[in-house]
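Summary of the model geometry
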Amino acid sequence: MNLNKTVKIQISAAIIMALLGGTLCKFSQSYISNYDRPNTENKEFQASVLPMGSTKAFKSTVIEEDNKPEAPALYTPSLTSFNLAFLYGEGDATEESLGAEAAQELSKKDSSWLASIYQIADESPEKVAKKLNIPHDPLKGLTFQKVDISFYNETGQKIPPKSNIQEIMSLANTYFYYAAPNDYNAFLDYSNQLWEHSHDVQYSISDIYYCDGTLEGNLTSTLPSVPATPSEALPSQSTLEDETEEVKVIGPGIARKESESASIETESPEEIEVPQQSACQGHVDLQVKAVISGLSDSKKGLFSLDTVGHEINDSIKWPGWSTETKEYATSLADQDWAEAYGLTLNPAFITNPLSYEEIKDYMNRLPETLSQNRTKLIYYALSSVGRVPYYWGGKPACSGYENNDFGALASPDEKGRTLKGLDCSGWISWIYWSAIQRRLSSESTGGLASLGTPIKREELQPGDIILKTGDEGHVVMFLCWESDGDMTVIHESSALVDNVTVTKMSANWPYVRKLID
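This write-up is about the structure you can find in this document. Computed from a prediction, not measured in an experiment: that's the story for all the values here.

This brings us to the overall build of the chain. Secondary structure summary: the chain contains 16 helices and 14 strands in total. Buried positions account for 47% of the 517 residues belonging to the chain. A separation threshold of at least 6 residues defines the contact pool for the chain, and within that pool the share at least 24 residues apart is 70%.

The strand order across the open sheet built from 4 strands is 4-3-8-5, with neighbouring strands paired in mixed fashion. The sheet is open, and its two borders are formed by strand 4 (158–159) and strand 5 (199–205), each paired with just one other strand. Pairing of strand 3 (residues 144–152) with strand 8 (residues 284–292), which is carried by 8 bridges, proceeds in the parallel orientation. In the strand pairing of strand 8, Lys146 is matched with Asp285. Running over the sheet, helix 3 (residues 98–121) touches strand 3, strand 5 and strand 8 and is turned about 155° from strand 3.

Moving on, we get to the sheet that holds strand 13 (residues 499–505). Pairing is antiparallel in the open sheet, where 6 strands are placed in the order 9-14-10-11-12-13. In this open sheet, the two edge strands, each paired with only one partner strand, are strand 9 (453–454) and strand 13. Pairing of strand 11 (residues 474–481) with strand 12 (residues 487–493) involves 4 bridges; the strand directions are antiparallel. Bridge assignment links Met477 to a residue of strand 12, and that residue is Ile490. Together, strand 10 (465–468), strand 11, strand 12 and strand 13 form the strand contacts of helix 15 (residues 424–436), whose direction differs from that of strand 11 by roughly 55°.

We now examine the side chain of His474. Mapped onto the elements, His474 comes out in strand 11. Look at His474 and you get buried, because its relative accessible area is 13%. Of the polar contacts made by the side chain of His474, one reaches the side chain of His491; its length is 2.9 Å.

Turning to helix 3, a few remarks are in order. Residue pairs three or four apart in sequence face the same way in an α-helix, which turns once every 3.6 residues. Spanning 24 residues, helix 3 covers 35 Å between terminal C-alpha atoms, matching the ideal 34 Å at 1.5 Å per step. Among the 24 residues of helix 3, 17 are classified as buried, and the element is accordingly described as predominantly covered.

Next up on the list: helix 15. Over its 13 residues, helix 15 runs 18 Å from end to end, which matches the ideal 18 Å to within 8%, given 1.5 Å per residue. Burial analysis of helix 15 places 13 of its 13 residues in the buried class, which makes it a mostly covered element. Of the residues trailing helix 15, Gln437 is marked for its positive phi of about 55°.

With that out of the way, let us pick up the nonpolar core. One finds Phe151, Met169, Ile205 and Trp427 to be the most contacted residues of the largest nonpolar core, which totals 108 residues. Among the elements that make up this core, the one with the highest residue count is helix 3 (12 residues). Filtering out sequence-adjacent residues up to four positions away, Met169 remains in contact with Phe82, Gly99, Ala102, Ala103, Leu106, Phe187, Ser191, Trp337 and Leu345. Core analysis: the second largest hydrophobic core is formed by 11 residues, Leu460, Val476, Phe478 and Trp509 among them.

Cut-offs used in this document
Residues numbered from 1 in each chain as written. Predicted model: local features only at pLDDT ≥ 70, side-chain atom pairs only at ≥ 80, totals over all residues. Heavy atoms only, no water. Helix = DSSP H or I, 4+ residues; strand = E, 2+ residues; numbered from the N terminus. Buried < 20%, exposed > 50% of the residue type's maximum accessible area, 1.4 Å probe, protein only. Contact = heavy atoms within 4.5 Å. Pairing = 2+ DSSP bridges. Axes fitted to C-alpha atoms, helices over the stretch in contact; angles between N-to-C directions. Polar contact = N/O pair within 3.5 Å; in protein donor to acceptor, adjacent residues only side chain to side chain. Expected span 1.5 Å × (residues − 1). Core = buried A, V, L, I, M, F, W, Y, C linked by side-chain atoms within 4.5 Å.

Dropping the structure here:
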């Protein structure tokens, strides 16, 4: 009897222990201790092999890989591909590669550099002279009569303003294939240094001159150039003048033959009165010479400016810039990066700016009785032609060019535009803000339609706005009437130019507004 009771107790205890052991075993399988967790803190890069193709294919592949439990396949660096386009930083949602991040950083330098050039051209001679560290007292109260901004490559050839980011990153890609293909910080430092060495700008102010042709003093001064930029890239004064006469930049403005004769008559020496010097306070000109070095000349361009890769480095088996390594960099720079890596690096966001002669021609069409503020508006608007990309929804962060990052890479807008800029209503507000320091209370077409005072079309003056609202909303700034009843306007256009332009149109739209007297 006692034996049977003991056996029963033992059997019950065995069953309980078995159940308890099974439970503990199952729990232990689902538990991961801190020692068993994967260490991701020190992981700097995640490499993925992505197909060469469009951005759409690029993103879909990333999403598929994110859903996989195992780590993505390792990417093998290559001399014939942009390696950072296949590398992603730790914690990134793989929306942008490290290559795209590097391109954005460099594009901001492009934008800031160009902004500083255009910003100083809009300042008074006195302020510019202070920046050049030359005597500025004689320039008080004067304005620039002519502003000449010219761009050159490393060979001294006149070029449109362009970006050399793709060429810079091609050199960096070739060098870091040997040094450290996945070292993003070192890659960016190298690229930034090469960018600095490949950009140079010089400003010079002419002597003061009067309408009767007399000169006063000698104020000509030049801002020191970047030391690493080859001096051969800067053309001489005589060369620049010769090229300016032979090559005329044709902007998107419309020729004004009817105003040419009036302009010539105004400037005719026979019509200038003798006591002109007392009436004329004097004028000065500003000349800007900017150099962007690229790969046009292997002896004067980026290869010669590279202070890091110019020497052989046996420790990383870097042969220096030999014929072979130069060929790798040049071939990579010539690739279509939008097609191959989903990177749209527009070589130039400055498109057909108006020449000094064209701006002067338009300004000569303004009424003599036009207010000073309206004159400033029109001059600033004409000066911005071709210099501010169209970007849907783009609004100004501040007045002027600096700190607005015009032309820097941005997320694609509704039409796939990737250069930061302004839309039509944002441009109107920016012009008022920059030219007369008045930021408009509304920066949308709908808001602008209720600003200021409604006027009739026949009451339009330069600087007034004409607009329509709705899905096809647009706003333009009135410049002048044409003989056929149409008008000439200045506006930020989303059409073919995707930039500020001058256009002849009817603009028979419902809203006509006067924003200033």
